[in-house]
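If you want the building blocks of each chain, they are given just below.
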Amino acid sequence: MRMTPISSLCRRGLPAVGLLLVAVPVLADVPSGKPPRDANAPVAQADLPTTKPPALEPPRQVLQVEAPTAKPPPLERGLADIPGPACTPEHRAAIDEALAAARPRLAAALRMVREQPDHAHVRRWFGDASAKVIGMTLELTAARLADVSNIEFQCNDPGACPGGRFAYARERDLVLGVCPPFFRARMDGTDSRWGILVHEGSHIAANTRDHAYRPNGAMRLAKENAARAAENADNYEYFVETLPE
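Just so we're clear, the structure is a prediction, and the values are computed from it rather than from any experiment.

Rules and cut-offs
- Sequence order sets the numbering: in each chain, residues are counted from 1 along the sequence as written.
- Thresholds applied to this predicted model are a pLDDT of at least 70 for local features of residues and 80 or more for the giving and counting of side-chain atom pairs; totals over whole chains, interfaces and linings are not thresholded and use all residues.
- The side-chain numbers reported here are obtained from all heavy atoms of the structure, hydrogens and water having been left aside.
- On a scale of 0 to 100, pLDDT captures the predictor's confidence in every residue.
- By definition, residues are in contact when any of their heavy atoms lie within 4.5 Å.
- Only buried residues count toward a nonpolar core, which is a set of Ala, Val, Leu, Ile, Met, Phe, Trp, Tyr and Cys residues joined through side-chain atoms within 4.5 Å.
- Buried means the residue's accessible area, taken with a 1.4 Å probe over protein chains only, is under 20% of the maximum for its type, while exposed means over 50%, and partly exposed covers the values in between.
- Here a helix means four or more residues in a row that DSSP labels H or I, a strand means two or more in a row labelled E, and each is numbered from the N terminus.
- In summary, the pairing rule links any two rings of Phe, Tyr or Trp, Trp by its six-membered ring, whose centres are within 6.5 Å, and it sorts them by plane angle into stacked for under 30 degrees, edge-to-face for over 60 and tilted for everything else.
- All axes here are fitted lines through C-alpha atoms, helices being fitted over the stretch that makes contact, and every angle between N-to-C directions spans 0 to 180 degrees.
- Throughout this description, any angle smaller than 35 degrees is read as roughly parallel, any larger than 145 degrees as roughly antiparallel, any in the 65 to 115 degree range as roughly perpendicular, and the remainder as oblique.
- Residues are sorted three ways: Asp, Glu, Lys and Arg are charged, Ala, Val, Leu, Ile, Met, Phe, Trp, Tyr, Cys and Pro are nonpolar, and all the rest, Gly among them, are polar.
- The rule for a disulfide is simple: a pair of cysteine sulfur atoms within 2.5 Å.
- The criterion for strand pairing is that DSSP finds at least two bridges linking the strands in question.

Caption draft 1: Structural view of the confidence of the model for the protein. Looking at the protein as a whole, the pLDDT averages 85, with 76% of positions reaching at least 70. In this model, residues 1-28 is a region of pLDDT below 50 whose contacts with residues beyond four sequence positions or in other chains number 8 contacts.

Caption draft 2: Seen up close, the nonpolar core. Ranked by internal contacts, the top residues of the largest apolar core, which has 43 residues, are Ile-134, Leu-138, Val-178 and Phe-239. Counting residues per element, this core draws most heavily on helix H3 (residues 89-115), which supplies 11 residues. For Leu-138, the contacting residues outside a window of four places in its chain are Leu-106, Ala-109, Leu-110, Val-113, Tyr-236, Phe-239 and Val-240. Core analysis: the second largest hydrophobic core is formed by 5 residues, Cys-161, Tyr-168, Val-175 and Cys-179 among them.

Caption draft 3: Geometry of the packing of aromatic side chains. With the rule as written, the count across this model stands at 4 aromatic pairs. For the pair Trp-125 and Tyr-238, a centre-to-centre distance of 5.9 Å together with 35° between the ring planes defines the contact as tilted. Separated by 113 residues along the polypeptide, Trp-125 in helix H4 (residues 120-126) and Tyr-238 in helix H10 (residues 233-241) bring together distant segments of the chain. Ring plane angle 50° and centroid distance 4.8 Å describe the contact between Phe-126 and Tyr-236, whose orientation is recorded as tilted. Placement of Phe-126 in helix H4 and of Tyr-236 in helix H10 is noted, with a sequence separation of 110 residues between them. A residue is classified by how much of its surface remains accessible, and Phe-126, at 0% relative accessible area, is buried. For Tyr-236, a relative accessible area of 1% puts it in the buried group. Taken together, Phe-126, Tyr-236 and Phe-239 form an aromatic cluster joined through their ring pairs.

Caption draft 4: Examining H10 more closely. Among the 9 residues of H10, 9 are classified as buried, and the element is accordingly described as predominantly covered. Burial in H10 covers these residues: Ala-233, Asp-234, Asn-235, Tyr-236, Glu-237, Tyr-238, Phe-239, Val-240 and Glu-241. At its buried positions, H10 is contacted by H3, H4, helix H5 (131-146), helix H7 (193-206), helix H8 (214-224) and helix H9 (226-229).

Caption draft 5: Representation of the packing of H3 against H7 in the model. H7 packs onto H3 with a crossing angle of 75° between their chain directions and a minimal axis gap of 8 Å. Viewed along their axes, H3 and H7 adopt a mutual orientation that is roughly perpendicular. From H3, Ala-94, Ile-95, Glu-97, Ala-98, Leu-99, Ala-101, Ala-102, Arg-105 and Leu-106 reach across to H7, where they touch Arg-193, Trp-194, Leu-197 and Val-198. In terms of residue class, the contact of H3 with H7 is built from 10 nonpolar, no polar and 3 charged.

Caption draft 6: Expanded view of the environment of Thr-141. Topologically, Thr-141 is positioned in helix H5. Residues within four places of Thr-141 in sequence aside, it is in contact with Leu-106, Val-198, Gly-201, Ser-202 and Ala-205.

Caption draft 7: Molecular detail of the state of the cysteines. Taken as a whole and judged by the stated rule, the model has 2 disulfides. Note on cysteine connectivity: Cys-87 is disulfide-linked to Cys-155, with sulfurs 2.0 Å apart. Judged by the torsion about the S-S bond (95°), the Cys-87/Cys-155 disulfide is right-handed. Of this pair, Cys-87 sits in the loop between helix H2 (16-23) and H3 while Cys-155 sits in strand E1 (residues 152-155), and the two are 68 residues apart along the sequence. Exposure remark for Cys-87: the relative accessible area of 25% places this residue in the partly exposed category. A disulfide bridge connects Cys-161 with Cys-179, and the sulfur atoms are separated by 2.1 Å. Across the S-S bond of Cys-161 and Cys-179 the torsion is about -80°, and the bridge reads as left-handed. Taken together, the positions of Cys-161 in the loop between E1 and strand E2 (167-170) and Cys-179 in the loop between strand E3 (175-178) and helix H6 (180-184) put the pair 18 residues apart, joining distant regions of the chain. Owing to a relative accessible area of 0%, Cys-179 belongs among the buried residues under this scheme.

Caption draft 8: Region of interest: the sheet that holds E1. Within the open sheet, the 3 strands sit side by side as E1-E3-E2. Their pairing is mixed. On the outer flanks of this sheet lie E1 and E2, each paired with one strand and no other. The sheet shows a mean angle of 15° between the axes of neighbouring strands, taken without regard to direction. Looking at chain direction, E2 and E3 are connected through 4 bridges and run antiparallel. Within the sheet, the bridge partner assigned to Arg-170 lies in E3 and is Val-175. Docked against the sheet, H3 engages E1 and E3, running at close to 120° with respect to E1.

Here is the structure:
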C-alpha cells in the first residue's frame, strides 16, 4: 500500500486530524466468521433404497358356498304331529307305555297313605285332609287305569286341544283324550306322560276337580284348603309323581 509522507501533508497546511484519517490504511474486508461456501462443493444427498419394498398383502377371498340344488328332506313327524281324533297304533303304544308306568306308582302311593297317613309327603300335598278320602280316591283311580277296556281314547283332537292342554276327560261317556303336549312330555319328573294319565284317570274314576294347577298351586291349596286339595286332580298327580323312592 502506498502512503503519503506526513511532512509533505503538513507543508500543504492540512489539519492534524486530517492527517490521522488519511494515515489509516485501507483495510480488506473483515471475514464474518464463516468460511465462504464453495459453489462447486457437492451437496449431501440421502441414500436411496436399494431393495424392493415388500409385496402388498393379496386381497382376502370371500368364501362362497354353493346354493343347494336339491330339496331338503321332509321333517320327521312325531306323535304330536299326527292329527286325530282317532288314535293311531303309534299313539296307542305311547299311551299303553304310560299306563304301565302309572300302575305300580299308584300302588306305592296308596300303600303310603294307608301305612303312613301322617308322612310328610302326604301332608305336603294334602295338608290335614282325611287319609281315608285320599286313599279312596287313589284306590278308585288305580282300579280305573288297571282296566281301560271300556275307556275311549282320543288323540290330538284339534277342537278339544286348545292352547297347551295336555289332556282331557269326560266322565259321562268315559272319554280320555290326550293332546300334542302329552306326546311331547317326558316319562319322568312332573307333568310326565304317566302322571297326566293319573290326573285324567282321577277325573273319570273319582270325580276329582281342577281347583288349582301346577305344583306350586297344588301345594298352596294343601296349606290353605285341605278339603279342596283332597279333591284336586293335580294334587294326586304330583303326589304320585314325586313319591319318595
